[in-house]
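The primary structure of each chain is shown beneath.
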Amino acid sequence: MIHLPVALVVIPLLGAAVCVLFRRSFIAWTVALAAAWSGFAISILIAVYIMKIGTLSYSIGGWPPPWGIAYHIDYLNSFVLLIVSGIAAVVMPYARTSVNYEIEEDSQAYFYCLLLICLAGLLGITVTGDAFNMYVFLELSSLSSYALIGMGKRRRALTAAYQYLVMGTIGATFLLIGIGLLYNLTGTLNIHDLAHQLAVNNIIGSHNRTLLTAFAFIIVGLSLKLALFPLHLWLPNAYTYAPSVATIFLASTATKVAVYMLLRFCFTILSGGFIFKLTLGKILLIPALAAILIASMVAIFQYDIKRMLAYSSVAQIGYMILGISLATPLGLSAGILHLFNHALMKGLLFMVMGAVNYRIGAVYLNDFRGLGRTMPWTMAAFVVGGMSLMGIPLTAGFISKWYLVQAALEKGWWPVAALILIGSLLAVIYIWRVVETAYFNPAQEMEAESSGEAPLSLLLPMWLLVLANIYFGIDSSIPVELAGRAATLLLGGAS
Amino acid sequence: MEVFIDIALLTLLCITAMAVVHIRKLFCAIMLLGIFSLLSASMFVNMDAVDVAFTEAAVGTGISTILLLLGMSLTNTREKRPHYQPLFSLVVVSITGAVLVYGTMDLPAYGDPNASIHHHVAQRYIKQSPLEVGPPNMVTSVLASYRGYDTLGETAVILTAGMALVALLGMRRRKVLPMSSSSGCGDYHDMKDHLVLRIMAKIFIPLILLFALYVQFHGDYGPGGGFQAGVIFASGIILYALIFGLEAAMKVVGYPVLRVLAACGLLLYGGVGVACMALGGNFLDYNALAHDPLHGQHLGIFLIELGVGVTVFAIMVIMFYAFASRRGHTA
C-alpha cells in the first residue's frame, strides 16, 4: 500500500521498456492495457485514501523531502490522477483496433511504448512534489507526444509535430528558467519547501524582481503548454493530424496536466495564489475570454471535424483558465471541475472521430452525410458528447458551466457570465453543423453500402464515456466534492 | 583571474551564437555549434562543474555534431532564406532577453558565499554525502542517490528520444545494400581507402572504448558516470561506422541487439528500484540492498550507472543508424 504512489509511474515506465524489448504489437498492447488499468486502480485507491485519511507522501530513495525527491498527493493531484489514468484506461481497449488501422504493423510496438511513456510522464508530473522532477517528467511526456503526433498517417503530421516540438520546447525551457531562478532564490526544489522558504526569507512581500521574472517565465511557459489563446497555434494542427488514439489521449489529458502545473505553481508555491487576486487573474481573464469567443467562432468555419474539435478544445481551455482567474473558491472549483468534464467530453468526441475515420477514412464534414443511419451508435455518442460540450442539463458539461456562471455572477461580473453563455451558443452552432449533416443529409450512394457501424471494440469504450458523461451530469457529487476540496486547499494556502 | 576567463569565454560564446544565426551555410553553422558547446564546456570547467562540462563536451561537441551533419546530408547544405524579415521574432526575443536581465537584478551576486543556494539543501550534500552515500564525487551522490529518480526520468527521456526517432524514421533492414556499394552512401566506403584515417581509427577506437569503461566505473571517484561513458562508447562505434562503413558496424552491433540493450538499461535501473522495494526500502532506497547501508548505496549506484550507460550507448548508436541508413535509402 505505501508504495502505491511510485508504482503509478514506474509501471508504465518499465512497461514502455518491455514494449521495446519484445517489439510485438500484441504484447505491447497487452502491456499497455495492463499498465493503464493498474494505474487507474491505483489512482482510485489513492483517491479513496486521500478522502478518508488525508495527504499522502512518499520519499523516493528514502531521502526526506528537501534533500531527496518526494511525492506529495493531496485532493488536487489525486483528482488529476483520476482523470489521466481513467482516460488512459478507457483509451487502451479502444487503441487496439484503431492503431491496427492507422499505424503500420512495424511501428505499433513503438506507438504503445511512446503512449506508455507519455502516460508515465503525465502521471509523474501530477504526483510529484518536486519542481525539477516535474520538469523531467514534462520533458518525458512532451517528447513522447511529439513523436505520437508525428506518427499520424498524413504527411502533414510531421510538420504539425515539428511545430508543436518548437513551441513545446520553448514552453518547457521557459518553465526550466523559472524553476532555475526559484532555486537560485531559495536553494530548494521541493514545492512545499519552496513555498516555506519564500515566506520565511520574506522574498514574497519584498517586490523581488527575480521572483517576478521567475513567475513570468513559468506562466508564459505553461500557457504555451496548455495552449492558452494566443499561444495555442500548435494545437489545432497537432490534434488534427495525430493518430486518433494519440488525439484522444492527449486532448483529454496533456493540457489538463499543464493546467494542474499552473495551479501548483501559482497557488501552492505562492501560498493562496495571491498573485491571481492581485493582477494575474485580470491578465489571464482576457486571453481566456478571447479563447472562448474567437476559438469557438473559428471552430464554426472548420470543415475538418477533428480540427473543429481542436479549436473547441482551445475554447474549453479558456473556460478552465477563466474559472481559475476568478480566484474565488467557486470559480477555482469550477475550473478544476471542468478539467474533469472536458476530459470526458473531448475524449468521447475524439473517439467518435476515430471510429468515423476507421469506417470512412476521413473526418471532413462531407463524410458525415448519412452517418446517422449507417453508424447510429457512433453518431448517438457524438450527439451526447456534443450536448455535453454545449452544456445542456443532464450532461457533465452542464455542471461545470453552471458553476462557472455562478462564480462569475458571485463576483458581479455580468458581462463575463454573458460571454460564457455566448460561448455555449457558438458550441451549439458548430456541433449542430455535424449533427445536421449526419442525420438530415442523404448519404452518398457509394458509401452507404460499404460502411457499417463501428466495431464493438471501438463502440464499447466510446459508450463507457457516453454513460460517464450522462452519469456525471446527473450525480456529480464525486467530482464536485473533490474539486471543491482541492479549491479550498489551494486558496487556504498549502501547509 | 576567473572573472577574466569567464568574460572572455562569454564574449566568445556570444560571437559564436551570432555567427550561427547569421551564417547560411549549414555545415559552418553546425561546426560553430560544436565550438559553442566546447566554449560552454570550458565555462562549466571554470565553474568547477566538471561533470557537466564532461557531458557537454561529449554530447554537444561530439555526438550531436555528428547527428546534425548526418541530418544535413539528408537535406540541403544551405539554409533557405526566408522571404520575409522575421522582425516580430526579433522583438519577442529581445523582450525575453530584457526580462531575463531584469530578473537577474535581485539575484545574489555570482559566487556570493552567502547566497541561499549554498545554505539550504547543498549543506547536507556537501557534509553528509560521504558518510551516508559514499562516493567522494558528490555530484554522483546527488545524481544517483539523492535525486536518483530524476536520473531515472532522464534515462527514460533518452530512450524516448531514440524510440521516437525509430518510430518516425523507421529502422528497416538495409535492403538496398548491393546497390549502395556502387553509388548510394559512397562517402563511407571511400573513407576506408584513406590509409591514415584507417590506421588512426584502428589505434583510437580501442582506446576510446577503454576510456569509456574507465569513465563508467570511475564515476564514483572522479568526473564521469554512466551518461558520459555511454556517449563515449557510442562515439567509438560511430567512428568505426564512419570509416569502415555502416554495414561493418552493424555486423558488430546490429539494431536488434541495441534495441534490447536500450530497453534492458532502463529495466535494470527501474529493476534496482523495485528490488529496493522488495527488500523493504522505498523505491531506489539503496540502503536496503545490503546489510551495511554504505555497501547498499555503492551497489545501487554501480548498477544504476550501468543501466544509464547501457541505455545511453544503445540509443546514441541507434540514432546514428537511423539517420545513416536513411541516407542509403534516399541517395
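Parameters and conventions
- Residues numbered from 1 in each chain as written.
- Chains lettered and ligands numbered in written order.
- Predicted model: local features only at pLDDT ≥ 70, side-chain atom pairs only at ≥ 80, totals over all residues.
- Helix = DSSP H or I, 4+ residues; strand = E, 2+ residues; numbered from the N terminus.
- Buried ≥ 20, exposed ≤ 12 C-beta atoms within 10 Å, placed from the backbone.
- Contact = placed C-beta atoms within 7 Å.
- Pairing = 2+ DSSP bridges.
- Nonpolar A, V, L, I, M, F, W, Y, C, P; charged D, E, K, R; others polar.
- Domains from an automatic or database assignment.
- Core = buried A, V, L, I, M, F, W, Y, C linked by C-beta atoms within 7 Å.
- Axes fitted to C-alpha atoms, helices over the stretch in contact; angles between N-to-C directions.
- Parallel < 35°, antiparallel > 145°, perpendicular 65-115°, else oblique.

Focus: the overall build of chain B
So, step 1. Broken down by element type, chain B carries 14 helices and zero strands.
So, step 2. N-terminal to C-terminal, the α/β element order of chain B is α-α-α-α-α-α-α-α-α-α-α-α-α-α.
So, step 3. For chain B, the spread of C-alpha atoms along the principal axes amounts to about 60 × 50 × 35 Å.
So, step 4. Here chain B holds 331 residues, and the buried ones make up 40% of them.
So, step 5. Sequence separation of 24 or more characterises 70% of the internal contacts of chain B that already satisfy a separation of 6 or more.

Focus: the pairing of strand β2 (residues 70–73) of chain A
Residue and element names in this part refer to chain A.
So, step 1. Because side chains alternate across β2, one face comprises the buried residues Ala-70 and His-72, and the other comprises Tyr-71 and Ile-73, equally buried.
So, step 2. In the sheet, strand β1 (residues 56–59) pairs with β2 via four bridges, with the strands oriented antiparallel. Pairing of Leu-56 across the sheet is with Ile-73, part of β2.

So, the interface of chain A and chain B
So, step 1. In this assembly, 52 residues from chain A lie in contact with 47 residues from chain B.
So, step 2. Sorting the residues of the side of chain A that touches chain B by element identifies α1 (4–22), β1, α4 (108–127), α5 (131–150), α6 (156–186) and α8 (209–226) of chain A as the ones contributing at least two each.
So, step 3. A total of 11 residues in the side of chain A that touches chain B trace back to one element, the largest contributor, which is α5 of chain A.
So, step 4. Broken down by class, the residue content of the side of chain A that touches chain B amounts to 31 nonpolar, 18 polar and three charged.

Things to note about the domain arrangement of chain B
Residue and element names in this part refer to chain B.
So, step 1. Splitting chain B by domain gives domain 1 (1–106) and domain 2 (135–331).
So, step 2. Each of domain 1 and domain 2 was reduced to a C-alpha centroid, and the two centroids are 25 Å apart.
So, step 3. With 14 residues of domain 1 at the interface, the matching set in domain 2 holds 18 residues.
So, step 4. Taken together, the residues that form the side of domain 1 that touches domain 2 break down as nine nonpolar, four polar and one charged.

Some points on the nonpolar core
Within soluble globular proteins, side chains that are nonpolar tend to cluster in buried spots.
So, step 1. Within the largest apolar cluster, 290 residues are counted, with the highest numbers of intra-cluster contacts made by Cys-113 and Leu-114 of chain A.
So, step 2. Ranked by residue count, the leading element in this core is helix α13 (residues 329–360) of chain A, at 19 residues.
So, step 3. Taken domain by domain, this core gets at least three of its residues from each of domain 1 (1–106) and domain 2 (135–331) of chain B.
So, step 4. Other than its neighbours up to four places away in sequence, Leu-114 of chain A contacts Ser-144, Ala-147 and Leu-148 of chain A together with Thr-160, Met-163, Ala-164 and Ala-167 of chain B.

Here's the deal with unusual backbone geometry
Phi is mostly negative for residues that are not glycine, and the peptide bonds are mostly trans.
So, step 1. Phi is positive for Ala-227 of chain A, close to 60 degrees, though the residue is something other than glycine.
So, step 2. Following the sequence through the fold, Ala-227 of chain A ends up in the loop between α8 and α9 (234–241).
So, step 3. If you check the backbone angles, Asp-48 of chain B has positive phi at about 65 degrees while not being a glycine.
So, step 4. Here Asp-48 of chain B is to be found in the loop between α2 (26–46) and α3 (50–74).
So, step 5. With 10 C-beta atoms packed within 10 Å, Asp-48 of chain B lands in the exposed category.

A short note on the environment of Ala-216 of chain A
So, step 1. Inspection of the secondary structure assignment puts Ala-216 of chain A in helix α8.
So, step 2. Along the sequence, Ala-216 of chain A and Ile-294 of chain A sit 78 residues apart, while their C-alpha atoms lie 25 Å from each other.

Section: the packing of α1 of chain A against helix α2 (residues 25–52) of chain A
All names here are of chain A.
So, step 1. It is at 9 Å that the axes of α1 and α2 come closest, and there the two elements cross at 175 degrees. In this view, α1 runs roughly antiparallel relative to α2, as classed from their interaxial angle. Across from Leu-4, Pro-5, Ala-7, Leu-8, Ile-11, Pro-12, Gly-15, Val-18, Cys-19 and Phe-22 in α1, the residues of α2 making contact are Ile-27, Ala-28, Val-31, Ala-32, Ala-35, Ser-38, Gly-39, Ile-42, Ser-43, Leu-45 and Ile-46.
So, step 2. Looking at side-chain class alone, the contact of α1 with α2 contains 17 nonpolar, four polar and no charged residues.

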